[in-house]
Amino acid sequence: MSGPAAVTLARWAAGVRLEDVPGPVAELAISQIVSQLAAIRAGLRHRAGAALLGAYGPLDHRDPVRCAPLLAALGSWLNLDDTAYAGHLGPSTVAVPLAWARAGRLDGRALLTAVIVADECAARITAAATLGPLRGQSALHTHLAGGVAGRMHAERAPAMRWTHALGLAFAAPPWPVMHAFLGSEAKLLHVFTPVRAAMDACAAAHAGLTGVPDVFEHPRGFLHRFATVPLPEVITAGLGEQWHTGTLSFKLRPGGPGIDAAVDCALELHRELDGAPITGVTVAASAYTLYAGRQAEDYLDAGRSPLSALLLSVGYPVATALLTGDLRVTDFEPPGVTDPRRWALAERIRLVHDERMTRALLTSTAPFGAAVRLARDRALPWLSGLVGDELAAQAVAGAAAVTPDMATPDLATPDKATPARLTVQLADGRTRTAERTVPLGAAGADTRARHRELVCAKFVAQGGSAAVAARFDDLATLSASEVTELIDAALAGPRR
């Protein structure tokens, strides 16, 4: 890396045009837009969405600066936001360009390009701090980067202004308090705040204020505070050749990290069980799923559980999927969330660690396998805290053996293995088992083959029109007025 990372990244990002982007990457970004619009619709359907608009006003298309944080918050609240190898990107990287497009300022090509560039910037900066204390939705700095990049590209700002906006935004990056994040409705604002801060940083840069260009890698900079194992090189490695947008995983149902495969298995078994009484359930999963579940345990109180904690739990979502054959946004509010049958079954669900599944997790690209392969020995202390000394040592040794001279992450054929195996014990003594390594919608061969089909189904499940979703296939050919009309149509219609 020559020169400050923010300068190099800004010069590249400011100059990207759609013709620079590989076709499959652009197609994934179109699916990301449809998927994030579905997540925004889900946020609007939930009572908390109405409260958010009551606090901050309606989604006024005439004011993208005010609209962008609202769209971002609505699209992240229910854990339906999509992820890349590094970062929950869509709440900012899609929402901010959408706000500018909805105001009539971007045609289809410009909207699509702004989303991809914002993805690349946010994912790279997030990847540089992936081996640190904040990850997933708690890594709110992702949305500082996504917000700045989304707006700067939408406004066709010169590269130096990008650099200053990034420097200003990352002068005070957010660090969430997890007690509030899990124990209250504060999570509704967790993306709103950094996106609004990003808008303020952009405005300040437009007005001539300056930021430090080495804000990321300086010994007293962002990575020094936010990364246990800083990887500053990934911010600029492979620009224009390695596309983080190509690592997208699509969140098809609400729920926290690591539960998707377990819910997929529960839905499969629901069809087999045909209502047979269940006496017990064992969920075998990786250390990552167990880690996320432990964060929520102290906050669970049956139907009175805070939504943020409920989304991270394993028991309630799996019980709901087993009993109803689905897992929907409405399952996280009354009457579903107060159903005593679901909680009775949730109490009989046992979560156990499977070392084989943890190894699969650590050798996949996402959520942090690529970072471990880059860091190798440097990752050992961080990884030990997550999965234990023995598995951490095995993962690091395996990474060194496979990629001894790796300088950039290998993003050519990404996968996201967050495995689970469900074993259901029935009252008549029978058992039924289902296992899945890569969840439905997660990065992998299946998702690369049919991501548009998956996200269109997600959009329809949130009350959207299949015909509207299909129109996004031609996004790159649409005029600015046509794009505005399409976004309005995607947000309109029945929401309850």
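With that out of the way, let us pick up the overall build of the protein. Helix and strand counts for the protein come out as 24 helices and 4 strands. For 496 residues, the compact-globule estimate of 2.2 N^0.38 gives 23 Å, and the protein sits close to it at 21 Å. C-alpha extents for the protein along the principal axes are approximately 70 × 55 × 40 Å. Across the 496 residues in the protein, those meeting the buried criterion constitute 61%. Considering only residue pairs separated by 6 or more positions, the protein has 80% of its internal contacts joining residues 24 or more positions apart. Accessible area for the protein stands at about 17,800 Å²; split by element, carbon and sulfur atoms hold 53% of it. When the 46 positive and 47 negative side-chain charges of the protein are each reduced to one mean point, those points stand 4 Å apart.

Turning our attention to the side chain of Arg373. Within the secondary structure, Arg373 is located in helix 19 (residues 369-375). The buried charged residue Arg373 lacks any salt bridge partner; its closest oppositely charged side chain belongs to Asp415, at an N-O distance of 5.8 Å. A polar contact is formed between the side chain of Arg373 and the backbone oxygen of Thr363, at a distance of 3.1 Å.

Okay, the nonpolar core next. Counting residues in hydrophobic clusters, the biggest one holds 170 residues, and the most contacted among them are Ile33, Leu111, Leu131, Trp162, Phe170, Leu322 and Phe472. What Trp162 contacts, discounting residues up to four positions off in sequence, is Ala10, Ala13, Ala14, Val117, Cys121, Ala149, Met152, His153 and Ala157. In this structure, Phe181, Leu182, Ala292 and Ala309 belong to the second largest nonpolar core, which totals 6 residues.

For the rest of this paragraph, the subject is the packing of helix 2 (residues 23-45) against helix 7 (residues 108-128). Two elements in contact, helix 2 and helix 7, have axes separated by 10 Å at closest approach and are oriented at 95°. Taken together, the axis directions place helix 2 and helix 7 in an arrangement best described as roughly perpendicular. From helix 2, Ala26, Ala29, Ile30, Gln32 and Ile33 reach across to helix 7, where they touch Leu111, Leu112, Val115, Ile116 and Asp119.

With that out of the way, let us pick up the side chain of Arg135. For Arg135, the location among the structural elements is in the loop between helix 7 and helix 8 (141-154). Judged by its relative accessible area of 19%, Arg135 is buried. Filtering out sequence-adjacent residues up to four positions away, Arg135 remains in contact with Tyr288, Tyr291 and Trp382.

Moving on: the pattern of salt bridges. Taken as a whole, this structure holds 26 salt bridges when the rule is applied. Ionic pairing is found between Glu185 and Arg47, a salt bridge with its closest N-O pair at 2.6 Å. Note that Glu185 is positioned in the loop between helix 10 (178-183) and helix 11 (192-206) and Arg47 in helix 3 (residues 47-56), a separation of 138 residues in sequence. Of the residues examined, Glu185 reaches a relative accessible area of 42% and is grouped as partly exposed. Taking the shortest distance from any N to any O, the salt bridge between Glu355 and Arg359 comes out at 3.3 Å. Of this pair, Glu355 and Arg359 both sit in helix 18 (residues 355-363), separated by 4 residues, roughly a single helical turn. Among the residues examined, Arg359 registers a relative accessible area of 35% and is labelled partly exposed.

Moving on, we come to the sheet that holds strand 3 (residues 420-426). Pairing within the open sheet is mixed, and its 4 strands lie in the order 2-1-3-4. Lying at the two open borders of the sheet, with one neighbouring strand each, are strand 2 (349-353) and strand 4 (431-436). The average angle at which neighbouring strand axes cross in this sheet is 15°, direction not considered. Its contacts with the sheet place helix 13 (residues 260-273) against strand 1 (278-285), strand 3 and strand 4, and it is angled at close to 145° to strand 4.

Okay, helix 22 (residues 445-461) next. The end-to-end C-alpha separation of helix 22 is 24 Å, in line with the 24 Å expected for 17 residues at 1.5 Å each. In the structure, helix 22 departs most strongly from a straight axis at His451, where the bend amounts to approximately 75°. All of the buried residues in helix 22 are Thr447, His451, Arg452, Leu454, Val455, Cys456, Lys458 and Phe459. Buried residues belonging to helix 22 abut helix 2, helix 23 (466-471) and helix 24 (480-491). A positive phi of about 90° marks Gly463, the residue just after helix 22.

Thresholds applied
Residues numbered from 1 in each chain as written. Predicted model: local features only at pLDDT ≥ 70, side-chain atom pairs only at ≥ 80, totals over all residues. Heavy atoms only, no water. Helix = DSSP H or I, 4+ residues; strand = E, 2+ residues; numbered from the N terminus. Rg over C-alpha atoms; globule rule 2.2 N^0.38 Å. Buried < 20%, exposed > 50% of the residue type's maximum accessible area, 1.4 Å probe, protein only. Contact = heavy atoms within 4.5 Å. Areas by Shrake-Rupley, 256 points an atom, 1.4 Å probe, with all protein chains shown as cover. Lys, Arg positive; Asp, Glu negative; His and termini not counted. Charge placed at Lys NZ, Arg CZ, Asp CG, Glu CD. Salt bridge = Lys/Arg side-chain N within 4 Å of Asp/Glu carboxyl O. Polar contact = N/O pair within 3.5 Å; in protein donor to acceptor, adjacent residues only side chain to side chain. Core = buried A, V, L, I, M, F, W, Y, C linked by side-chain atoms within 4.5 Å. Axes fitted to C-alpha atoms, helices over the stretch in contact; angles between N-to-C directions. Parallel < 35°, antiparallel > 145°, perpendicular 65-115°, else oblique. Pairing = 2+ DSSP bridges. Expected span 1.5 Å × (residues − 1). Bend = angle between axes of the 7 residues up to and from the residue.

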